[in-house]
Amino acid sequence: MWTSIYRTLIWIAASLLSLSLVTCLIAGGIYWHFARHLPHPKPGIAVKLHEPLRIYTADHKLIGVYGKQKRIPIQYADIPKQVINAFVAAEDDRFFEHPGVDYQGIVRAAVHLLATGRKTQGGSTITMQLARDLYLSDKRTFTRKIKETILALRLNDTFSKQEIFQLYVNKIYLGKGAYGVAAAAQTYYHKPLAQLDIAEIAMIAGLPKAPSAFNPINNPSRAKTRRNYVLARMHDLGQISDKAYQQAKQAVITAQQPPTAKQNDRFKAPYIAAMVRKKMIARYGAQKAYTAGFDVVTTITSARQKAARKAIHNNLRAYAKRHAWNGASRSVSAQVAKTKAQRQQKLAELQPVAGTRPAIVTGLNGDTISVAIRNAKRIKLGPQDNPWLSSNHDASKMVDIGDIVYLHHADSSAEANDTDWRLTEHPEVEGALVSLDPHNGAIQALVGGYDYDQSKFNRATQAHRQTGSSFKPFLYSAALANGFTAATIVNDAPIVYQDASLDESWRPQNYSGKYFGPTRLRTGLVHSRNLVSIRVLRRIGINPAVNHISQFGLGEKQLPHSLSLALGSASFSPLQMARGYAVFANNGFLISPHLIKTIKRGQGETVYRANPERACSDRIACPGQQQPSSSTRNLQYAPRAIPADNAYIVGDMMRDVIKNGTGRGALKLHREDLSGKTGTTNKQIDAWFGGFNANLVTVCWVGFDQLKSLGHYETGAHAALPIWTDFMGAALADASTTLPSKPDDIVDVKINPDTGQRALHSSGINEIFRKQNVPTKAEAKRSGQRSPSEDVQSLF
């Protein structure tokens, strides 16, 4: 009997050994079959996490995010302890103990599968999920499970538990386009991960199982059930107290979509964001630009950009107020207007535009219009709130019940109030502003139109419009380079030109229609005399003038080779004009405008830092003036475009444009350091104002996209200058007076204002000259002036 039992035991042992050997052979074969095709993670090799392109102002306010995946990478040391606990409790409670694969969990899952025929989540660890996310598809097969297991073991051998967890919570998809826990915190709760409470943490930790089905915005009920499961697991594992568990279970769901108007509190500079996005795609290609996690810091400052946007909005709306009411562009039925629920639903679909609020007309009573805005009581607009209506007019002639109109608050800082609203309309007219540092070309502010959502065409960079008289400073600079002085006399008189290309003679006129006879060059610029400019160009010669003007970065091919050049027939963008004006502001150097300050990638690696060419000035010494220091050794110097004395004299004449000429509207800024020039084209199609002090250049343009007149009185001084003064007043509010430095060869001389010659007595006026061009007393006497002694003798 014992022999039989012994033989049976030996057979069982042999069978088990054979089975084990077969099992090992099968397992080894399976491992060899799959493992040879799977990657081997290597220490130190960073796993690619697709991160979006982020764009910031110079003072680090977020402008825009581009890319399908929202991700904010976070280091393990910065992950709150309860976030770690929540994910471990929900997904893998033995994460810090097993070797990447939880064999106990697999056995439990297998037993449950055999007993019930249903799969459970118990078999998949955090490491296995990461392996799947990094290297495999989401297709559920046993083959994928085998590969997942092999890769998890390899990951565990390669990385520490902390590194694995960091990769996991940064890469995992958590719904609503959010990849990683930090992005999920912003997406659902609009605050940093460290500020989440236990209930909010548990909500996010419950998302990996089914991000779309369990997220609290799509399905609050299922999300709450999943959240409470995670809280229960944390409580069972002793990670939260009884009190904390009960409080978190009862917590209401606070997750919500961010309000459209806030755009995650992004700073509004859409034209800037679009320019940077385009530059990044050109540099890196779309795929890399949108996924490599670039952080781009621009040169614009938020305060100046906000002031630029406000100046454009307010003054284009002011233009609209000066002209006829265009009427409402959209409307709803009277029934919708009268029914609160339907009215509010419609208003919820309408977005604010350029700082205005949409409203629906709900009633009319004589000169009063009743309107309703979203989430507010009805508002009554009387004649004082309606710039198109006086007390003697009937409001029903302007609007009907159901019309959608827009309101602007009298105080933009108090828009939550229900009072002080004014009727406005979105102007058909457009405008642009660009402001830059004349010493290095860094763009400080740029607005390309009234509203980016209505029109993405960037008029600051893409619109090439005739410049009118704002072009004249370049011509007068050419005059100084060709023997003129600021005191040179030019005749302001009628002139007729015959041109074979024209059907009739060309008879240019001054804007006023008047003629003033002999005129000093300075006076011709200050009062923008067209006939003086034409005669100046004739005396210089077109080719010499074009050659000189092209040194301002104004392309020679864009410059008409005809006398119309003197009147600003050349077309340039506001950015090109700002670059040209910067030459006058920085004493003669041609800088290159730039928008990107730095580009960083990943964990802060700087891959680009702007090193623009700089103008030699009081701020930056010229080469050879001193021994270079470590801070100046790598500076690049901008090329000289015109001599410093030429730039200074033109800038000084342009200061007189503001003091005594067409730019007098800027006197309200009460600054002595401003130079500028108005520009108005034929039939008032384009209106310009450009100006500067020693540290800031700003150019503004106003016009219609479809070429048509702005209106008889809508000149550069009336339509564009107010934008410039509003912006410069804000931009320079805390800046001291900064005049350009005076070159050594510039001298002050008394002249006779009628002849431009040296004054022989004390009644002359001051003028500035280059030393070699100072008029002499002998020339003055030859011109007919008499000395004071001669005046005395003539009395007898």
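Treat the numbers as computed from the prediction; the structure is a model and nothing was measured.

## Re the overall build of the protein
Consideration 1: Of the regular secondary structure elements, the protein holds 24 helices and 26 strands.
Consideration 2: Among the 796 residues that make up the protein, the fraction classed as buried is 50%.
Consideration 3: Contacts spanning at least 24 positions in sequence make up 68% of the contacts within the protein whose residues lie at least 6 apart.
Consideration 4: Accessible area for the protein stands at about 38100 Å²; split by element, carbon and sulfur atoms hold 51% of it.

## Topic: the packing of helix H2 (residues 81-91) against helix H8 (residues 198-205)
Consideration 1: It is the contact of H2 with H8, at a shortest axis distance of 9 Å, that shows an interaxial angle of 45 degrees. With respect to H8, the axis of H2 lies oblique. Note on packing geometry: the crossing formed by H2 with H8 is right-handed. In this structure, H2 uses Gln82, Val83, Ala86, Phe87, Ala90 and Glu91 to contact H8, whose residues at the interface are Ile198, Ile201, Ile204 and Ala205.

## Quick notes on the sheet that holds strand E18 (residues 596-601)
Consideration 1: Spatially, E2-E1-E5-E18-E19 is the arrangement adopted by the five strands of the open sheet, whose pairing is mixed. Single-partner strands in this sheet number two, and they are strand E2 (62-66) and strand E19 (605-609). Mean inter-strand twist for the sheet, computed between neighbouring axes without regard to direction, equals 20 degrees.
Consideration 2: The sheet contacts of helix H11 (residues 270-284) involve strand E1 (53-56), E2, strand E5 (294-298), E18 and E19, and relative to E5 the element is tilted by about 130 degrees.

## With respect to the packing of aromatic side chains
Consideration 1: In total, this model carries 18 aromatic pairs according to the counting rule given.
Consideration 2: Look at Tyr284 and Phe294: their rings are 4.4 Å apart centre to centre, the planes differ by 25 degrees, and that puts the pair in the stacked class. Of the two residues, Tyr284 sits in helix H11 while Phe294 sits in strand E5, which places them ten residues apart along the sequence.
Consideration 3: Through a chain of ring-to-ring contacts, the aromatic side chains of Tyr76, Phe87, Phe95, Phe96, Phe165 and Tyr168 assemble into a single cluster.

## What to know about unusual backbone geometry
Consideration 1: Positive phi is not limited to glycine here, since His60 has a value of about 65 degrees.
Consideration 2: Counting through the fold element by element, His60 comes out in the loop between E1 and E2.
Consideration 3: A positive phi angle, close to 65 degrees, is found at Lys683, a residue other than glycine.
Consideration 4: When you line up the elements, Lys683 lands in the loop between strand E22 (675-680) and strand E23 (686-693).

## Points about the environment of Arg343
Consideration 1: Take Arg343: it is sitting in helix H15 (residues 340-349).
Consideration 2: Judged by relative accessible area, Arg343 falls into the buried class, the value being 5%.
Consideration 3: Between the C-alpha atom of Arg343 and that of Ser333, which follows or precedes it by ten residues, the distance is 9.8 Å.
Consideration 4: The contacts of Arg343, once residues within four sequence positions are left out, are Val336, Ala337, Lys338, Ile360, Thr362, Ala372 and Arg378.

## Some details on the nonpolar core
Consideration 1: Of all hydrophobic cores here, the largest spans 89 residues; its most connected members are Phe471, Phe474, Val536 and Phe584.
Consideration 2: Ranked by residues supplied to this core, first place goes to helix H20 (residues 574-585) with eight residues.
Consideration 3: In contact with Phe584, not counting residues within four places along its chain, are Pro473, Phe474, Ser477, Phe552, Ile642, Ala647, Val650, Met654 and Phe692.
Consideration 4: By size, the runner-up hydrophobic cluster in this structure holds 50 residues, among which are Ala131, Tyr189, Tyr245 and Ala255.

## Notes on the pattern of salt bridges
Consideration 1: Scanning the entire structure with this criterion turns up 21 salt bridges.
Consideration 2: In this structure, the salt-bridge partner of Arg94 is Asp102, at a minimum N-O distance of 2.4 Å.
Consideration 3: When the shortest N-O distance is used, the salt bridge between Arg529 and Asp492 registers 3.8 Å. Placement of the pair is Arg529 in the loop between helix H17 (521-526) and helix H18 (530-540) and Asp492 in strand E15 (residues 489-492), with a sequence separation of 37 residues. As far as burial versus exposure is concerned, Arg529 and Asp492 are alike and both buried.
Consideration 4: One salt-bridge network, held together by shared partners, links Arg522, Asp652, Arg655, Asp656 and Glu767.

## Concerning the sheet that holds E23
Consideration 1: Strand order in the open sheet made by the five strands is E13-E12-E24-E23-E22, with antiparallel pairing throughout. On the outer flanks of this sheet lie strand E13 (443-447) and E22, each paired with one strand and no other. Averaged over all pairs of adjacent strands, the angle between their axes in this sheet comes to 5 degrees, without regard to strand direction.
Consideration 2: Where E22 and E23 come together, six bridges link them in antiparallel fashion. Within E23, the residue paired with Lys677 across the bridge is Gly690.
Consideration 3: Running at roughly 30 degrees to E13, helix H13 (residues 302-321) makes contact with strand E12 (430-436), E13 and strand E24 (696-703) of the sheet.

## Focus on H20
Consideration 1: Taking 1.5 Å of rise per residue, twelve residues should cover 16 Å, and H20 covers 16 Å from first to last C-alpha, within 8% of that figure.
Consideration 2: Burial within H20 is extensive, with eleven of its twelve residues counted as buried.
Consideration 3: Looking only at H20, the buried set comprises Pro574, Leu575, Gln576, Met577, Ala578, Gly580, Tyr581, Ala582, Val583, Phe584 and Ala585.
Consideration 4: Asn587 sits one or two residues past H20 and shows a positive phi near 70 degrees.

## Describing the pairing of E1
Consideration 1: A two-sided burial pattern is seen for E1, the buried positions comprising Leu53 and Ile55 on one face and Arg54 and Tyr56 on the other.
Consideration 2: Judged from the four bridges that link them, E1 and E2 form a sheet pairing that is antiparallel. Counterpart to Leu53 in the pairing with E2 is Tyr66.
Consideration 3: Counting the residues that bridge the hairpin from E1 to E2 gives five residues, and of these His60 lies at a positive phi of roughly 65 degrees.
Consideration 4: Bridge analysis of E1 against E5 gives three bridges, and the strand direction is parallel. Bridged to Arg54 within E5 is Asp295.

## A short note on the environment of Ile253
Consideration 1: By the element assignment, Ile253 lies in the loop between helix H10 (242-250) and H11.
Consideration 2: Overall, the relative accessible area of 27% leaves Ile253 in the partly exposed class.
Consideration 3: Separated by 64 residues in sequence, Ile253 and Tyr189 place their C-alpha atoms 10.0 Å apart.
Consideration 4: Not counting the four nearest positions on each side in its chain, Ile253 is found in contact with Met203, Pro216, Pro220, Lys224 and Arg227.

## Focus: the side chain of His548
Consideration 1: One can find His548 in helix H19 (residues 542-549).
Consideration 2: Beyond its immediate stretch of four places on either side in the chain, His548 contacts Phe474, Ser477, Ala478, Ala481, Ile642 and Asn646.

## A closer look at the side chain of Asp403
Consideration 1: Position of Asp403 among the secondary structure elements: in strand E10 (residues 403-409).
Consideration 2: Buried charged residue Asp403 carries no salt bridge. Nearest counter-charge: Arg330, at 10 Å.
Consideration 3: One polar contact links the side chain of Asp403 to the main-chain amide nitrogen of Asp400, over a distance of 2.8 Å.
Consideration 4: Those residues in contact with Asp403 that sit more than four places away from it in its chain are Ala328, Arg330, Ser331, Ala359, Ile360 and Val361.

## Overview of the pairing of E22
Consideration 1: In terms of residue burial, E22 counts as a mostly covered element, since five of its six residues are buried.
Consideration 2: Where E22 hands over to E23, the hairpin turn is made up of five residues, of which Lys683 adopts a positive phi near 65 degrees.

Reading the values: the criteria
- Every chain begins its residue count from 1, and numbering advances along the sequence as written.
- Per-residue local features of the predicted model are confined to residues with pLDDT of at least 70, and side-chain atom pairs are confined, for both listing and counting, to 80 or more; whole-chain, interface and lining totals are unaffected and use all residues.
- The side-chain quantities take in all heavy atoms of the structure and omit both hydrogens and water.
- Starting at the N terminus, helices and strands are each numbered in turn, a helix being any DSSP run of H or I of at least four residues and a strand any DSSP run of E of at least two.
- With a 1.4 Å probe rolled over the protein chains alone, any residue whose accessible area is under 20% of its type maximum counts as buried; one over 50% counts as exposed, and the rest are partly exposed.
- Working rule for contacts: check all heavy atoms of both residues, and any pair within 4.5 Å makes them a contact.
- Note on areas: Shrake-Rupley with a 1.4 Å probe; residue coverage comes only from the protein chains shown.
- Interaxial angle, 0 to 180 degrees, is taken between N-to-C directions of lines fitted to C-alpha atoms, where a helix line uses only the stretch in contact.
- Should an angle fall under 35 degrees it is taken as roughly parallel, and over 145 as roughly antiparallel, whereas 65 to 115 is taken as roughly perpendicular and any remaining angle as oblique.
- Crossings are assigned a handedness: left-handed for a near helix turned anticlockwise from the far helix by less than a right angle, right-handed for a clockwise turn.
- Two strands pair if DSSP finds at least two bridges between them.
- Pairing of aromatic side chains requires ring centres within 6.5 Å, counting the rings of Phe and Tyr and the six-membered ring of Trp. Pairs whose planes differ by under 30 degrees are stacked, by over 60 edge-to-face, and all others tilted.
- Here, nonpolar core means buried Ala, Val, Leu, Ile, Met, Phe, Trp, Tyr and Cys residues that are tied together by side-chain atoms lying within 4.5 Å of each other.
- By convention in these notes, a salt bridge is any Lys or Arg side-chain nitrogen within 4 Å of a carboxyl oxygen on Asp or Glu.
- An expected span of 1.5 Å times one less than the residue number is assigned to each helix.
- Only four residue types enter the tally: Lys and Arg on the positive side, Asp and Glu on the negative side; His and the chain ends are excluded.
- Pairing of N or O atoms within 3.5 Å defines a polar contact, subject to two protein rules: one partner must be a possible hydrogen donor and the other a possible acceptor, and residues neighboring in sequence count only if both atoms are side-chain atoms.

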